[in-house]
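# Results of the structural survey
So the chains spell out like this:
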Amino acid sequence: MKKKILSAIIICVIFILLQVINIRYKKYTDINEREKIENVIKEEPNANKQIEVLRKEYDNEDIKAVIKSDALELECIVLQTSNNEFYMNHNEKKDYEIKGSAFFDYRNRYESKRLIIYGHNSKTSKTNFGKLVKYLNEDFTKNNPYIYLTTDEGITKWKIFSIMIVPNNTTKHTKIEFTTANELEENISWMKQNSIIEFNEDIGLNDQLLTLQTCYYEPENSFLLVNFKKVEDNNE
């Protein structure tokens, strides 16, 4: 009986150690990846050319942007291909990776009325878009309302105006173009009225929108949607 108890204790200790090692490894790889992106970008001071430098570094023409938030400790490459499936389980080098990558909706163009970036969240491991849950903290969000997007067009600044938790069969936020002003107004109203945090941010019909989507588990089978409007261009 004592041997069984001792064996169970040893197994539990090994399991806990493996979990700690996994968490530290994930944190190390995340920091290492952010440092790599920063170092590559530093070598090219012209923002319009930084994405091209990353394409050459990773040998991948699907690299379209870098999304950055110092407050979230987020700096990651955003990819895009001809579908919304491939980068759900592939990395910047096109190698299989279960946690996938951040990627634009395949329909998006830089001038799309709404840009959508998808990324994984996970119960068991750290992911870049898992950091978006910090936006559920009102103090954090209101003190850190901006993110930055670097593309071939330069650097753009975006300000949060809505954060939502919706069922994962919701599609209203995936509309990227609008045929009438009323249709756009209704969509903006839906995002603002269903926001968990009230921002009182004015959204005009000429504003470009950005939605970040990730999985959420409270409740299960949900999406966390963080919605921004573009407030500044720093194109060079």
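About the criteria used
- Residues numbered from 1 in each chain as written.
- Predicted model: local features only at pLDDT ≥ 70, side-chain atom pairs only at ≥ 80, totals over all residues.
- Heavy atoms only, no water.
- Buried < 20%, exposed > 50% of the residue type's maximum accessible area, 1.4 Å probe, protein only.
- Helix = DSSP H or I, 4+ residues; strand = E, 2+ residues; numbered from the N terminus.
- Pairing = 2+ DSSP bridges.
- Contact = heavy atoms within 4.5 Å.
- Salt bridge = Lys/Arg side-chain N within 4 Å of Asp/Glu carboxyl O.
- Axes fitted to C-alpha atoms, helices over the stretch in contact; angles between N-to-C directions.
- Patch = residues over 30% accessible without salt bridge, like charges linked within 9 Å, V, L, I, M, F, W, Y side chains within 5 Å.
- Areas by Shrake-Rupley, 256 points an atom, 1.4 Å probe, with all protein chains shown as cover.

Let us now look at the pairing of strand 7 (residues 209-216). Burial of strand 7 is extensive: 7 of the 8 residues sit out of reach of the surface. Where strand 4 (residues 114-118) meets strand 7, 5 bridges bridge the pair, whose relative direction is parallel. Within strand 7, the position partnered with Ile-116 by the bridge is Thr-211. The antiparallel hairpin formed by strand 7 and strand 8 (residues 222-233) contains 5 residues in its connecting segment, where Asn-221 sits at a positive phi of about 60°.

The omega torsion across Glu-218 and Pro-219 is 10°, close enough to zero to call that bond cis. Relative to the elements of secondary structure, Pro-219 occurs in the loop between strand 7 and strand 8. For Lys-94, which is not glycine, the phi torsion reads 70° and is therefore positive. Among the structural elements, Lys-94 can be located in the loop between strand 2 (74-79) and strand 3 (102-104). For Lys-94, a relative accessible area of 42% puts it in the partly exposed group. Positive phi is not limited to glycine here, since Asn-200 has a value of about 55°.

For the rest of this paragraph, the subject is the side chain of Asn-121. Mapping Asn-121 onto the fold places it in the loop between strand 4 and helix 3 (138-143). Residue Asn-121 is classed as buried on the basis of its relative accessible area, which comes to 13%. Sequence-distant contacts of Asn-121, defined by excluding residues within four places in its chain, comprise Thr-127, Gly-130, Val-133, Thr-214, Cys-215 and Tyr-217.

This brings us to the pattern of salt bridges. Tallied over the entire structure, the rule returns 12 salt bridges. One salt bridge in this structure joins Asp-105 and Arg-107, with 2.8 Å as the shortest N-O distance. With relative accessibility at 2%, the residue Asp-105 sits in the buried group. The exposure class of Arg-107 is partly exposed, given its relative accessible area of 33%. In this structure, Glu-201 engages Lys-159 in a salt bridge whose closest nitrogen and oxygen atoms are separated by 3.3 Å. Placement of the pair is Glu-201 in the loop between helix 4 (181-193) and strand 7 and Lys-159 in strand 6 (residues 154-167), with a sequence separation of 42 residues. Overall, the relative accessible area of 22% leaves Lys-159 in the partly exposed class. Through salt bridges with shared partners, a single network forms among Glu-52, Arg-55 and Asp-152.

In spatial order, the strands read 1-2-3-4-7-8-6-5; together these 8 strands close into a barrel with mixed pairing. Strand-to-strand twist across the sheet, computed as the mean angle between neighbouring axes with direction ignored, equals 30°. The sheet contact formed by strand 1 (residues 63-69) and strand 5 (residues 146-151) spans 3 bridges and is antiparallel. Bridging across to strand 5, Ile-67 finds its partner in Leu-149. Lying on the sheet, helix 4 is in contact with strand 4, strand 6, strand 7 and strand 8; it crosses strand 6 at an angle near 70°.

Let us now look at the pairing of strand 6. Summarising burial for strand 6: 10 of the 14 residues are buried, a large majority. The sheet contact formed by strand 6 and strand 8 spans 11 bridges and is antiparallel. Its bridge partner being in strand 8, Val-166 is matched across the sheet by Phe-223.

What follows concerns a nonpolar patch on the surface. Taken together, the side chains of Tyr-146, Tyr-148 and Val-231 define a hydrophobic patch exposed on the protein surface, amounting to about 230 Å² of accessible area. Within the fold, Tyr-148 resides in strand 5.

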